[in-house]
Amino acid sequence: MRDAIELEWEGIPSVLVVHDALTGSAEAMRKLSGHPDYPYVSFDEPANPSPVTYWEEKTIQELVEELAPRVIERLRRSESQA
């Protein structure tokens, strides 16, 4: 979260993508950063967000298809607010 906020401060549109299991941390960081309303994109699959989890190609593709439109929409909102 903090990286996305700092990139935004530098004029670089950014989107945080976070697993639903980690949204509590994202919420805390945006409050600590002084941006309690900073939006982010979250997802709930695959169920285990561990970095050592093996994600099958099909799972990755499904995730990309779900997240890409949401990330693009978030970037477009950032552009229109600039």
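Residues numbered from 1 in each chain as written. Predicted model: local features only at pLDDT ≥ 70, side-chain atom pairs only at ≥ 80, totals over all residues. Heavy atoms only, no water.

Participant: Can you lay out helix α2 (residues 23-32) for me, pointing to particular residues and giving the numbers?
Facilitator: Within α2 the residues assigned to the buried category are Thr23, Ala26 and Arg30. Each buried residue of α2 sits inside an arc of 55° when the element is viewed along its axis, so together they form one side. Pointing more than 90 degrees away from the buried face of α2 are the exposed residues Ser25, Lys31 and Leu32. Lining the buried residues of α2 we find α1 (2-9), β1 (17-19) and β2 (41-43). (Buried < 20%, exposed > 50% of the residue type's maximum accessible area, 1.4 Å probe, protein only. Helix = DSSP H or I, 4+ residues; strand = E, 2+ residues; numbered from the N terminus. Arc of directions from axis to C-beta. Contact = heavy atoms within 4.5 Å.)

Participant: Can you lay out the nonpolar core for me, pointing to particular residues and giving the numbers?
Facilitator: Across soluble globular proteins, nonpolar side chains have a tendency to be buried as a group. Judged by nonpolar contacts, Met1, Ala4, Ile5, Leu16, Val18, Ala26, Tyr38 and Tyr40 together constitute the single largest core of eight residues. Membership of the second largest hydrophobic core comes to five residues, among which are Val41, Phe43, Leu63 and Val71. (Core = buried A, V, L, I, M, F, W, Y, C linked by side-chain atoms within 4.5 Å.)

Participant: Help me get a handle on the pattern of salt bridges, residues and values and all.
Facilitator: All told, the structure shown has six salt bridges when counted by the stated rule. Between Arg2 and Glu6 there is a salt bridge; the shortest N-O distance is 2.7 Å. You can see Arg2 and its partner Glu6 sitting in helix α1, four residues apart, about one turn around the helix. By relative accessible area, which is 35% here, Glu6 ends up partly exposed. With a shortest N-O distance of 3.4 Å, Glu73 and Arg77 are connected by a salt bridge. Of this pair, Glu73 and Arg77 are both found in helix α3 (residues 57-81), four residues apart, which corresponds to roughly one turn of the helix. Overall, Glu73 belongs to the partly exposed group, its relative accessible area being 35%. (Salt bridge = Lys/Arg side-chain N within 4 Å of Asp/Glu carboxyl O.)

Participant: Just give me the short version of the environment of Ala26, but keep the residues and values in it.
Facilitator: Along the polypeptide, Ala26 turns up in helix α2. For the pair Ala26 and Arg2, spaced 24 residues apart in sequence, the C-alpha to C-alpha distance is 8.7 Å.

That's the geometry; what it means functionally is another story.
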